[in-house]
Amino acid sequence: MRKRLGRLIGIVLVVCVVTGFFGSPPVMAGQKVKIEWLQWFRPEMGEQNFDQFVTMFNKTHPDIEVEAISVPFSQMLQQIYSNFAVGKLADVIGMNMPWNTEFVRIGMMEPLDSYLSADKTLDTKQLVQAPMGKYQGHIWMLPATNHCYIMYYNKDHFKEAGIANPPKTWDEFMQTAKKLTKPEKNQYGYSLFLSLQGSSGSLRTEVFPLLYTTGGRGVKDDKPNLNSPELIETLQFLKDLNDAGVITPGALSRPEQQKVEEFASGRAAMYMGTMPHINVLRSRNPKLNFGITPISMKRKLATRNHGWELIMNSQSKNKQAAWTFMSWLASKEINGLFAEKAGQLPANLASKADYIAKDPQITEVDKIIRTSELVEETRLIPNQTEADRAATEELQKVYTGELKPAQAAQIMQKKWEEIFMKK
Amino acid sequence: MVHMPVTPRSMQSFVKHATPYAFVGPAIVVLVLLLLFPIFRVFYNSFFDNTLVVKTPHWVGLSNFTQLLKDPVFYVSIKNTVVFTVGSVVLHLIVGLVFALLLNQRIHPVALGFFRAALILPWVFTVAVVAVNWQLLLNPLGVVNYILKACHLIHSSIEWFGDARYAMIGLLLVNTWRGYPFVMLSILAGLQSIGAELYEASKVDGANVTQSFLHITLPQLKPVLLSIGLLDTIWTFQLFPLIWLTTGGGPGHATEVLATYTYKKAFESVQFSMASTIAVMILCVTSVMTFFYLKQQRMTE
């Protein structure tokens, strides 16, 4: 009898465990709608800066509960693909513009057109335009922050070398970099990264911002435009810098973080980076006396526009709630504060942003973004990750002298034409 | 009295036979869920044009396999995988053997304990730590280049992981450093099981150190060396984290191995079916190697 009772209890326990795994409580009317937000912002902003927004939203919107899921940037793509494949992707996702075409191709994103036109609280004309551009007839992304590529320079190194002002043109850049290079002291003029590791692209980070200052483009009329005189002269410029010995050695195996580290430790006097690095540099080396200047130009002041965006999962079961959250974060009441805590500029240009004027380095970035031509092409390149890697393979060969810039440009163009056809 | 359809005795016999299966049951469930099902799924996926990210996958039969066989990067990655595997295993065996012989000496137990612990350390660190550490060591401005230049062995710094000529050498160096402890421990166990009387007898016959090593130690170690060599080959053949975290398969495709190529196909080109195809190829090769390993194990038993 006792044995039978014991067996019965055992069966009941097993059933409870199994249904506990697979069962879920039914949602009753009046209960909160739960939405998940997958992003990499929290690790980069810091917990205190980030969590307050989730708390604020949940407090002011008692019928919706946002749960933030944080992943380092390097793992975002993998996480998104795996979660989407098993139907467990979050409702709102932090977005990086270069991933746009890939996500459209697999039908992962919900088009935002209808939500934008129905939302009377959000004035789309006040939002930064690059992410809002139509691709294949729809708007896919809502901007959360705005910034651009800029040149960081080490003011102490400049003073030591007797250089009064940061360079404005490519010629000045070459001269300045040469004066700043002292190999015996392990100091170099410029650092860049050409590693094929990971999914951070060298082409869009090291080449495109320079390319835009020549007036050139990587994509023209939805077709690859890499076999162009402007790209060839940009590749030549990078090769000349390398041949002049002004670039820190090891670029081919250097990932992007190491480039920032080299600048922070004073080994490189200049590098091209994005605005969020301001906070990174300040925390890595508080004694670093660094300045910000526009990217040295060939013909015109231009730079690559960037920022953090938000997208909605097409498989989300709570799309309206997801949109409410997205719209809230992009609203002029909240966006300014969010951008400030993220160390970037607001995507909503109507938001209050007193913090810009209070920080001279942020003021400088704001000035650059208002006076330069802002270009954003990565969201139009199919399979951007693969395309960037394919082009970087040839860029590496230009660097080592294996290929001349014109030859590399031709091969890059051919590779991209194949990738564009797979669209 | 109700006539029971099953007699108590056959019920007892059933329970007696079923009990072992009940014990093994959970392990089998885990194996099926985490091993057999994914393997089956990968096989299955390799016969479609793309899976996981498309709504309607189309059956393409063996077309992925024929496409793969026409891919030049596939052959480059096979070559690199073979070079890396053979190189690593040979170096592991040599370095492992040398250290095992050293550890087998009769020295003060405290010193022996210290050296044993120190020599196992490379194996203890996680791959990410090993990768970052060695990236710094092999950096053009790093310690290794400094020492080589100070000893006048090179004129200018070598970009170990950034130069197509040296990247594979750098990788072999790191993997040898990381992998020798396991081999060393296995060989040490083998050395300690060699009877002392064999060495005594050879000393009586007038054999010197080299002769006793070549004619006693090595032959006695042969089963261990073969076994550990095969195991190491199977593991190194599919090695991914160390290569991904140091060179990412680059520069270009200089250190592209089958594992990194699979990853890129899956998460960069978003072609999960093609990635599954490469994974199936890897599985076939490692299955053959495992078959030989098991056969060798059975022979020694």
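Conventions we followed
Residues numbered from 1 in each chain as written. Chains lettered and ligands numbered in written order. Predicted model: local features only at pLDDT ≥ 70, side-chain atom pairs only at ≥ 80, totals over all residues. Heavy atoms only, no water. Helix = DSSP H or I, 4+ residues; strand = E, 2+ residues; numbered from the N terminus. Buried < 20%, exposed > 50% of the residue type's maximum accessible area, 1.4 Å probe, protein only. Areas by Shrake-Rupley, 256 points an atom, 1.4 Å probe, with all protein chains shown as cover. Lys, Arg positive; Asp, Glu negative; His and termini not counted. Charge placed at Lys NZ, Arg CZ, Asp CG, Glu CD. Rg over C-alpha atoms; globule rule 2.2 N^0.38 Å. Contact = heavy atoms within 4.5 Å. Patch = residues over 30% accessible without salt bridge, like charges linked within 9 Å, V, L, I, M, F, W, Y side chains within 5 Å. Salt bridge = Lys/Arg side-chain N within 4 Å of Asp/Glu carboxyl O. Buried area = accessible area lost by both parts, 1.4 Å probe. Polar contact = N/O pair within 3.5 Å; in protein donor to acceptor, adjacent residues only side chain to side chain. Pairing = 2+ DSSP bridges. Axes fitted to C-alpha atoms, helices over the stretch in contact; angles between N-to-C directions.

1. Examining the overall build of chain A
Inference 1: Assigned secondary structure in chain A consists of 18 helices and 14 strands.
Inference 2: Dimensions of chain A, computed from C-alpha atoms along their principal axes, come out at roughly 90 × 50 × 45 Å.
Inference 3: Each of the 423 residues in chain A was classed as buried or not, and the buried ones make up 56%.
Inference 4: Put simply, chain A shows about 18500 Å² of open surface, and 53% of that area lies on carbon and sulfur atoms.
Inference 5: Separation between the mean location of the 51 positive side-chain charges and that of the 45 negative ones in chain A comes to 4 Å.

2. Looking at the overall build of chain B
Inference 1: A tally of helices and strands in chain B yields 12 helices and 0 strands.
Inference 2: For chain B, whose C-alpha radius of gyration is 26 Å, the value lies well above the compact-globule estimate of 19 Å for 301 residues.
Inference 3: Residue burial in chain B is summarised as follows: out of 301 residues, 41% are buried.
Inference 4: Across chain B, contacts joining residues at least 24 apart in sequence account for 66% of those joining residues at least 6 apart.
Inference 5: With the model as given, the accessible surface of chain B reaches about 17500 Å², and the carbon-plus-sulfur share is 72%.
Inference 6: Chain B carries 17 positive and 11 negative side-chain charges, and their two centres are separated by 7 Å.

3. With respect to a nonpolar patch on the surface
Inference 1: A cluster of nonpolar side chains, contributed by B:Phe23, B:Val24, B:Ile28, B:Leu31, B:Val32, B:Leu35, B:Leu36, B:Ile39 and B:Phe43, occupies part of the molecular surface with about 810 Å² of accessible area.
Inference 2: Structurally, B:Ile39 can be placed in helix H1 (residues 8-45).

4. With respect to the interface of chain A and chain B
Inference 1: Contact with chain A, which involves 29 residues of that partner, is made by 27 residues of chain B.
Inference 2: For the pair chain A and chain B, the summed buried surface comes to about 2200 Å²; carbon and sulfur atoms form 52% of the total.
Inference 3: Per-residue buried area on chain A facing chain B is highest for A:Tyr81, A:Gln197 and A:Arg389; these three make up 22% of the total on that side.
Inference 4: Seen at the junction of chain A and chain B, the total is 1 salt bridge.
Inference 5: In this structure, B:Glu268 and A:Arg389 form a salt bridge, with 2.5 Å as the shortest nitrogen-oxygen distance.
Inference 6: At the boundary of chain A with chain B, the tally comes to 6 residue pairs in polar contact (both at pLDDT 80 or more).
Inference 7: Elements with a contribution of two residues or more to the side of chain A that touches chain B: helix H4 (73-85), helix H5 (100-105) and helix H17 (384-400) of chain A.
Inference 8: Counting residues per element, the side of chain A that touches chain B draws most heavily on H4(A), which supplies 6 residues.

5. Re the sheet that holds strand E4 (residues 142-143) of chain A
Residues and elements named next belong to chain A.
Inference 1: Across the sheet, which stays open at both edges, the 5 strands sit in the order E2-E1-E3-E12-E4 with mixed pairing between neighbours. Each edge of the open sheet is held by one strand with a lone partner, namely strand E2 (64-70) and E4.
Inference 2: Two strands pair when backbone bridges link them, and E4 and strand E12 (residues 309-312) are joined in this way by 2 bridges, in the antiparallel orientation. In the strand pairing of E12, Pro-143 is matched with Glu-309.
Inference 3: Contacts from H4 reach strand E1 (33-39) and strand E3 (92-95), with the element oriented near 140° to E1.
Inference 4: Against the sheet, helix H13 (residues 319-330) touches E1, E2, E3, E4 and E12, its axis set at about 170° to E12.

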